[in-house]
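# Architecture and fold: a report
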Amino acid sequence: MSVVEANASAIARAARLLREGGIVAFPTETVYGLGADARNADALRRMYAMKGRPADHPVIVHVDGLESAQAWSSQMPEGACALARAFWPGPLTLIVPRAHDVLDAITGGQPSVGLRAPAHPVAHALLAAFGGGIAAPSANRFGHVSPTTARHVADDLGDAVGLILDGGPCAVGIESTIVAFTTDTPMLLRPGGVPVEAIASVLGQAPIARAATAPRASGTLASHYAPRTPASLVAPDALIAELGQLEERDERVAVLAVTARRPDSFDGVWIGAPADATMYARLLYANLRTLDAADADAILIEQVPQTSAWRAVGDRLARATSGETDDRD
Ligand code: TXA
Ligand code: MG
């Protein structure tokens, strides 16, 4: 079994593997990452193949802070530096102009590169022991739900990964917020662990919404983060009626509720999720996996409040229930 507790000797072994061109899964505060040496084209090819992701998708380079980030960018915009100072290490990815020597396998051939300094102590220790940038997408197979435990990584990628560092469940539970500095005004490519309001207050302006011409980010396509069982979002007060209709048609249903109460007669999988957005996000992907494993015909997910605190969760739920399957990361 390739899952090992992320103690000092396992982290040293992981750093050695990365230097040799190997692939290592490691915890971050958002989700687990599938890491490769960001300067090694062969390692990147292997990482993409393992994930089953097309080779022209850009991948985030993980660094240990703003100073290291400078080596990956031709010029870090002032706003990006301000966000890095405010939120790094943490769940924020900055898309900035690439340095000339960044591999196309990192940027997807685009003129920009994505950079993030993760806060998880294991990620931090791994970056320190490795001494360079670690390219890492979420450690799921392309199109599957992101992993928030080492077990999720093993279930999805199995023995393909040389080493899976187990650092416990991820505290944030959904991916980083992505802000691009490739247009005059900063652009929000993906809501995530850092609230948009906090970003706006550092920048002195709200990042603009993602445009159709925005740099390619497969994480922004509607189809991702989806369970395989058909899933739909239902208003809190409509959930019980909808459940009744499905049961009348003899469909087995799995439910992710917040306020709705489980009917006594219901004998399927029913998850009562926390009513706090931070706690809800922490458990979201594990909950989607549980629902998907329930062997149900349909998944019903109670709609969450449409307030700013729930924005990133609402984004992931919309994707999980979009029903499209053309492109995922
Ligand atoms: O929280 C996270 O961001 C996690 C952890 C492991 O750090 N990583 C993650 O990576 O979610 P991934 O590859 O699953 O999603 C990153 C998204 C992708 O949609 C990718 O297309 C986009 O970031 N991205 C990366 N570099 C980019 C660039 N230069 N321009 C536009 N989008 C970029
Ligand atoms: Mg991903």
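Residues numbered from 1 in each chain as written. Chains lettered and ligands numbered in written order. Predicted model: local features only at pLDDT ≥ 70, side-chain atom pairs only at ≥ 80, totals over all residues. Heavy atoms only, no water.

Let us look at helix H6 (residues 121–130). For H6, the set of buried residues is Val122, Ala123, Leu126, Leu127 and Phe130. Down the axis of H6, the smallest arc covering the buried residues is 135 degrees, so these residues share one side. Exposed residues on H6 whose side chains face more than 90 degrees from its buried face are Pro121 and Ala128. Buried-residue contacts for H6 involve helix H1 (8–19), strand S2 (24–26), strand S3 (33–37), strand S4 (60–62), strand S7 (134–135) and strand S8 (163–166). (Buried < 20%, exposed > 50% of the residue type's maximum accessible area, 1.4 Å probe, protein only. Helix = DSSP H or I, 4+ residues; strand = E, 2+ residues; numbered from the N terminus. Arc of directions from axis to C-beta. Contact = heavy atoms within 4.5 Å.)

For the rest of this paragraph, the subject is the domain arrangement of the protein. Segmenting the protein into domains produces domain 1 (3–203) and domain 2 (231–326). One C-alpha centre belongs to domain 1, the other to domain 2, and the line joining them spans 29 Å. With 19 residues of domain 1 at the interface, the matching set in domain 2 holds 13 residues. With both sides pooled, the region where domain 1 packs onto domain 2 buries about 1300 Å², and carbon together with sulfur makes up 56% of that total. On the domain 1 side of the contact with domain 2, Val145, Ile174 and Pro191 bury the most area, a combined 39% of that side's loss. On inspection of domain 1 and its partner domain 2, the count reaches one salt bridge. A salt bridge links Glu175 to Arg316, with the nearest nitrogen and oxygen atoms 2.9 Å apart. For the pair domain 1 and domain 2, the interface holds seven residue pairs in polar contact (both at pLDDT 80 or more). Taken together, the elements giving at least two residues each to the side of domain 1 that touches domain 2 come down to strand S10 (187–190) and helix H8 (196–203). The residue makeup of the side of domain 1 that touches domain 2, split by class, is ten nonpolar, six polar and three charged. (Domains from an automatic or database assignment. Buried area = accessible area lost by both parts, 1.4 Å probe. Salt bridge = Lys/Arg side-chain N within 4 Å of Asp/Glu carboxyl O. Polar contact = N/O pair within 3.5 Å; in protein donor to acceptor, adjacent residues only side chain to side chain. Nonpolar A, V, L, I, M, F, W, Y, C, P; charged D, E, K, R; others polar.)

A word on the layout of surface pockets. Looking at the largest pocket, its volume works out to about 320 Å³. For the largest pocket, the lining is made up of 19 residues, of which Gly192, Gly193, Pro195, Thr278 and Ala309 are closest to its centre. For the lining of the largest pocket, the elements supplying multiple residues, two or more each, are H8, helix H10 (277–292) and helix H11 (311–320). Taken together, the residues of the lining of the largest pocket break down into 13 nonpolar, four polar and two charged. Of the residues that make up the lining of the largest pocket, three or more belong to each of domain 1 (3–203) and domain 2 (231–326). (1 Å grid on protein atoms, 1.4 Å probe; cavity = no way out; pocket = protein on both sides within 12 Å on 5 of 7 lines; lining within 4 Å. Points joined across faces, edges and corners; volume = space filled by probe spheres on them.)

Let us now look at the side chain of Thr321. Following the sequence through the fold, Thr321 ends up in the segment after H11. When residues no more than four places from it in sequence are discounted, the contact partners of Thr321 are Ala231, Ser232, Leu233 and Ile301.

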